[in-house]
Amino acid sequence: MIEPTVTMPPTRVRQPPVRRRERPPRPPRSPRSPRSGQAVRFPVLAVVFVCAACGLVYELELVALASYLIGDSVTQASVVLSVMVFAMGVGSLLAKRLRCRAAVGFGLVEAGLALIGGCSALALYAAFAWLGESRYVVVAFSLAIGVLIGAEIPLLMSLIQRAGSAPEARAGAGAGAGTGTRSGVRSGLAKRARRQAPPVEPDDAAGTVADLFAADYVGALVGGLAFPFLLLPWLGQLTGALVTGAVNAIAGGGLVLWVFRRDLTVRSRALLIGVNMSVLAVLATATVLVDDFEEAARRAVYGDRVRVAVHTDLQEVVVTGGREGPPDLFLDGRLRVAGQDEYRYHEALVHPAMRGPHARVLIVGGGDGLAAREVLRYSGVSSVTVVELDPGVVRLARTDPALATLNAQAFRDPRVRVVYADAFNWLRGAADRVQERYDVVISDLPDPGITPSTKLYSEEFHGLVARVLTGAGRFAVHAGSVADRPHTYWTVDATLRAAGFATRPYSASGRTPGFAAGPDRADRTGGTEQGPGDWGFLLAVPGDRPPVLGLAPDAPRLRSLGAGTLEAAARRAERARVPALPSSTLVHPRYGS
């Protein structure tokens, strides 16, 4: 019997639960930081550009002011540049200690650089005016500014690299910070994932360095051009340095307080704001009072009887003296004319050269008109050409009543023609332009130890003079002090002889010589430092026969010079002769400080 089929209801069979594999959590994506990429790079490069321009302005300011106050621009430039470059290396090493707090460190460095660099010109001028010594101040400021400049780039590198890598570091640190019963599992899995994942690439270090140095060099170019063409003509040395310091403080402080503000604590932010505001207040106050400071410093240098003080395109011109007494003329702080005894210098320079034909006379320098005054005393003179570099000196000699009286209105004489040019460049073309040669050439220039005039005491310059002289012409040269600087004086003599001249040395004594014997300026007003005791001259003629030292038959009546005086002056100079000295050339100047 077949049993009927019985359909049973389906029964549910419980399957064993499938254990799902827990996927490792993905590392959280780092939030996009506003300080990464171009958001940081562009403002940093802009500030590097500005700071580099300011740094070069500080450097040029020190060189220019030190050359003006101390003299010998080659030495001053060498000292400032070498000390500053050395100090930049020291600053780079010291910046390592600030890498852990790069943001606040950079802000303080820029504030210090703005204060020291901005006030450097004021401090240097004050040291010279009231202490009489500024060499050590130049070295100290070069060292301080160099250390601060050297610390800039390393700190900025640290800030840029930290800005690129900080978000990832913060995200990785937060991945293992889970809570609850599964925090340990997630933490371990997250760590494993971070070990397996490729590392986050930081900003390209080589590209960053290239960008920083490119901005630095371009900024230095702009600062180097702005100093002579904008800051000096428009603001002057003192105000220009102060304004540069203010720009430096604003740029450096603004970068840190805005772009890198998240790297600052509340205390650090307050510190930087207070320091930068204090620096700006000091610079602003100094800018307001700079005219009063300059006037007080000028009185300390020149005395209380300053009549005229002007800045030409080339130098500072100051005239001192009362209405009754003769004036004194200072060029860049060096006494150019001592009114009480200038006649001793100019009579000795001019009149021995006038013995012989003297119809056509060339004066190199002599913008004060005093050498021209002596030349015009001869009726046989038909023309006088004065080659002067600075029109401002001639303008003052024409218009100032005291100077115009002292030079007997020489520039109003129709026989006088003034050429405003560099004497070296003018003489290079004069041999081709001038149809007639000169009977007399007079070199009325500062000492050869003062660097800007060194090329006018070179063998090449004396060779140019020989080309414009007649066969019987004479060349009179002021060559510095025989007694105080014999090496310099006899180097001029050797240079003239190397250029084809035969020379006759002589000197003249004076109560207060009108030229500083060295690059440092003597205090003529206060009498605290005595100048050289004599002026040294050389009378030269083409050929190998020394000229006869004497006066012309038609010489006017002189107050300090006579035939016997010249003979004694020649013997006095010969007793100090330094033999076997080499000549001075453009590429190898031999005149020391």
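Since this is a predicted model, take the numbers as computed values, not measurements.

**Re the overall build of the protein chain**
- Assigned secondary structure in the protein chain consists of 17 helices and 11 strands.
- Looking at the protein chain as a whole, 50% of its 593 residues qualify as buried.
- Considering only residue pairs separated by 6 or more positions, the protein chain has 77% of its internal contacts joining residues 24 or more positions apart.
- Of the roughly 29,200 Å² of accessible surface on the protein chain, a fraction of 58% belongs to carbon and sulfur atoms.

**A few points about the side chain of E316**
- Looking at where E316 falls in the secondary structure, it is placed in strand β2 (residues 316-320).
- Polar contacts involving the side chain of E316 include one to the side chain of Y68, which spans 2.4 Å.
- A polar side-chain atom of E316 sits 3.2 Å from a polar atom in the side chain of Y302.
- The residues contacting E316, other than those within four sequence positions of it, are Y68, R298, Y302, V310, H311, F330, L331 and D332.

**A few points about a nonpolar patch on the surface**
- A surface patch of nonpolar side chains, about 820 Å² in accessible area, is lined by L221, L225, F229, L230, W234, L235, V243 and V247.
- Assignment of secondary structure puts L221 in helix α7 (residues 205-259).

**Comments concerning the pattern of salt bridges**
- As enumerated under the stated definition, the model contains 15 salt bridges in all.
- A salt bridge links R298 to E294, with the nearest nitrogen and oxygen atoms 3.3 Å apart. Here R298 and its partner E294 are both found in helix α9 (residues 290-302), 4 residues apart, which amounts to about one turn of the helix. Of the two residues, R298 and E294, neither departs from the other in class, the shared state being buried.

**Quick notes on the sheet that holds strand β6 (residues 383-388)**
- Taken in spatial order, the 7 strands make up an open sheet running β7-β6-β5-β8-β9-β11-β10, and their pairing is mixed. Both outer strands of the open sheet, β7 (416-420) and β10 (501-509), are each paired with one neighbouring strand and no more. Strand-to-strand, the axes of this sheet are offset by a mean angle of 15°, without reference to chain direction.
- Where strand β5 (residues 360-365) meets β6, 5 bridges bridge the pair, whose relative direction is parallel. The partner of R360 across the bridge, within β6, is S383.

**As for the confidence of the model for the protein chain**
- Averaged over every residue, the pLDDT of the protein chain is 83; the share at 70 or more is 81%.
- Residue range residues 167-203 is modelled with pLDDT below 50. Its contacts to residues more than four positions away, or to other chains, number 24 contacts.
- Across residues 512-529, confidence stays below pLDDT 50; counting only partners more than four residues off in sequence or on other chains, it has 63 contacts.

**What to know about the packing of aromatic side chains**
- Throughout the structure, instances matching the rule amount to 11 aromatic pairs.
- Relative to F293, the ring of Y125 has its centre 6.3 Å away and its plane inclined at 70°; by these criteria the two rings are edge-to-face. One end of the pair, Y125, is in helix α3 (residues 102-131); the other, F293, is in helix α9, with 168 residues separating them in the sequence. The same class applies to Y125 as to F293, namely buried.

**Let's talk about the pairing of strand β1 (residues 306-311)**
- For β1 and β2, the ladder comprises 5 bridges, and the chain directions are antiparallel. Of the residues in β2, the one forming a bridge with V310 is V317.
- Counting the residues in the hairpin turn of β1 and β2 gives 4 residues.

**Topic: the environment of V85**
- If you trace the backbone, V85 turns up in helix α2 (residues 73-94).
- Distance from V85 to G150, taken between C-alpha atoms, is 8.4 Å for residues 65 residues apart in sequence.

**Structural notes on helix α12 (residues 391-399)**
- The set of residues buried in α12 consists of G392, V393, V394, L396 and A397.
- For α12, the N-terminal capping position is held by D390, with its side-chain oxygen 3.0 Å away from the main-chain nitrogen of G392.

**Some words on the side chain of S583**
- Structurally, S583 can be placed in the segment after α17 (563-574).
- A polar contact of 2.9 Å, which involves the side chain of S583, links it to the side chain of E459.
- Dropping the residues within four chain positions of it, S583 is found in contact with E459, A494, T495, A498, H588 and R590.

**A word on the packing of α3 against helix α4 (residues 135-150)**
- At a minimum axis separation of 10 Å, α3 and α4 run at an interaxial angle of 165°. With respect to α4, the axis of α3 lies roughly antiparallel. Our pair here, α3 against α4, has a crossing hand that is left-handed. Touching V109, G112, L113, I116, G117, S120, A123, L124 and A127 of α3 are V137, V138, F141, A144, I145, L148 and I149, all from α4.
- Each residue belonging to the contact of α3 with α4 can be placed in one class, and the counts come to 13 nonpolar, 3 polar and no charged.

**A look at the nonpolar core**
- Judged by nonpolar contacts, the single largest core of 68 residues is most densely connected at V44, L69, F106, L255 and F260.
- For this core, the element with the highest residue contribution is α3, accounting for 15 residues.
- One finds M354, A372, V381 and L549 within the second-largest nonpolar core, a separate group that totals 37 residues.

**Points about the sheet that holds strand β4 (residues 334-338)**
- Strand order in the open sheet formed by 4 strands is β1-β2-β3-β4, with antiparallel pairing between adjacent strands. Each edge of the sheet is formed by a strand with only one pairing partner; in this case those strands are β1 and β4. Adjacent strand axes in the sheet meet at a mean angle of 15° when their direction is disregarded.
- Taken together, the 4 bridges between β2 and strand β3 (residues 328-331) define a ladder with antiparallel strand orientation. Among the inter-strand pairings, T320 is bridged to a residue of β3, identified as D328.

**A few points about the packing of α3 against α9**
- α9 packs onto α3 with a crossing angle of 25° between their chain directions and a minimal axis gap of 8 Å. Judged by the angle between their axes, α3 and α9 are roughly parallel. For the pair α3 and α9, the sense of crossing is left-handed. Facing α3, whose interface residues are L122, Y125, A126, F128, A129 and W130, α9 presents V290, F293, E294, A296, A297, R298, A300 and V301.

What counts and what doesn't
- Residues numbered from 1 in each chain as written.
- Predicted model: local features only at pLDDT ≥ 70, side-chain atom pairs only at ≥ 80, totals over all residues.
- Heavy atoms only, no water.
- Helix = DSSP H or I, 4+ residues; strand = E, 2+ residues; numbered from the N terminus.
- Buried < 20%, exposed > 50% of the residue type's maximum accessible area, 1.4 Å probe, protein only.
- Contact = heavy atoms within 4.5 Å.
- Areas by Shrake-Rupley, 256 points an atom, 1.4 Å probe, with all protein chains shown as cover.
- Polar contact = N/O pair within 3.5 Å; in protein donor to acceptor, adjacent residues only side chain to side chain.
- Patch = residues over 30% accessible without salt bridge, like charges linked within 9 Å, V, L, I, M, F, W, Y side chains within 5 Å.
- Salt bridge = Lys/Arg side-chain N within 4 Å of Asp/Glu carboxyl O.
- Pairing = 2+ DSSP bridges.
- Axes fitted to C-alpha atoms, helices over the stretch in contact; angles between N-to-C directions.
- pLDDT = per-residue confidence, 0-100.
- Phe/Tyr/Trp six-rings, centres within 6.5 Å; stacked < 30°, edge-to-face > 60°.
- Parallel < 35°, antiparallel > 145°, perpendicular 65-115°, else oblique.
- Left-handed = near helix turned anticlockwise from the far one by under 90°.
- Nonpolar A, V, L, I, M, F, W, Y, C, P; charged D, E, K, R; others polar.
- Core = buried A, V, L, I, M, F, W, Y, C linked by side-chain atoms within 4.5 Å.

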